[in-house]
Amino acid sequence: MSADEGRIVVGVSGSLGSLAALHHAVAEARRTDVEVLAVLCWTPPGDEYGYRRTPCPPVVDAGRAAAVARLRQALDEAFAGRHAGARLRCQTVRGETAHTLVRCADRPDDVLVLGAGRERGRFSRLIRPSVTAYCVRHATCPVLTVPRPPLQRDLEALERGHGLRDLVAGN
């Protein structure tokens, strides 16, 4: 694969939204015959700042191993342990998710595919800004956001405490 050939870079976390994005990326890769790069971003426990204050290589090794396991589990859940049907390369990358995904999707013909995150309140967005919004603003390639799957919306409604009545009623 040449360095200037486009890819579909997809952020994978294991969430329902990221699995929907992975399915969409693979379907598009089958249609266009390009490679999919599935990226799971991770940081050491306590984040990078905490690690810099007290470095501990075994902690980084454990974090890396946990990220690899999470990526494998996400792929197993997405494709039920079968071949995805497209050229699929997987990578765990140490770094904050939004910045790292923008760095990974660095080729002119790349497409960055992300699952839409869960609905969050204003305060939550202040504490932890949206990965999708950051990528849309800073990526040098097109960014495609895949809507949350209906199952994810239903589960979020249940978590908020008023979804069971709506689910039973079919709303």
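Residues numbered from 1 in each chain as written. Predicted model: local features only at pLDDT ≥ 70, side-chain atom pairs only at ≥ 80, totals over all residues. Heavy atoms only, no water.

S.K.: Please clarify how the pairing of strand E1 (residues 7-11) should be interpreted in this entry.
M.R.: Among the 5 residues that make up E1, 5 are buried, leaving the element largely enclosed by the rest of the structure. Residues Arg7, Val9 and Gly11 point to one face of E1 and Ile8 and Val10 to the other, with burial holding for every one of them. Bridge count for E1 against strand E2 (residues 35-42) is 5 bridges, and the pairing is parallel. For Val9, the partnering residue across the bridge sits in E2 and is Leu37. At this point the chain moves from E1, through helix H1 (residues 16-32), to the parallel E2, and the crossover so formed is right-handed. (Buried < 20%, exposed > 50% of the residue type's maximum accessible area, 1.4 Å probe, protein only. Helix = DSSP H or I, 4+ residues; strand = E, 2+ residues; numbered from the N terminus. Pairing = 2+ DSSP bridges. Right-handed = clockwise from strand over helix to strand, strands pointing away.)

S.K.: Looking at this model, I keep getting lost on unusual backbone geometry. Mind explaining?
M.R.: Outside of glycine, negative phi angles account for most residues, and trans bonds account for most peptide bonds. Non-glycine residue Asp33 carries a positive phi angle of around 55 degrees. In this fold, Asp33 is placed in the loop between H1 and E2. The class of Asp33 is exposed, set by a relative accessible area of 56%.

S.K.: Honestly, the pattern of salt bridges in this entry has me stumped. Any pointers?
M.R.: Should the charged atoms of two oppositely charged side chains come close, the side chains can pair. Summed over the entire model, instances satisfying the criterion amount to 5 salt bridges. Ionic pairing is found between Asp106 and Arg7, a salt bridge with its closest N-O pair at 3.4 Å. Taken together, the residues span a long stretch of sequence, with Asp106 in the loop between helix H4 (97-104) and strand E4 (111-115) and Arg7 in strand E1 at a distance of 99 residues. Here Arg7 ties to Asp110 by a salt bridge, and the two come within 2.7 Å at their closest N and O atoms. (Salt bridge = Lys/Arg side-chain N within 4 Å of Asp/Glu carboxyl O.)

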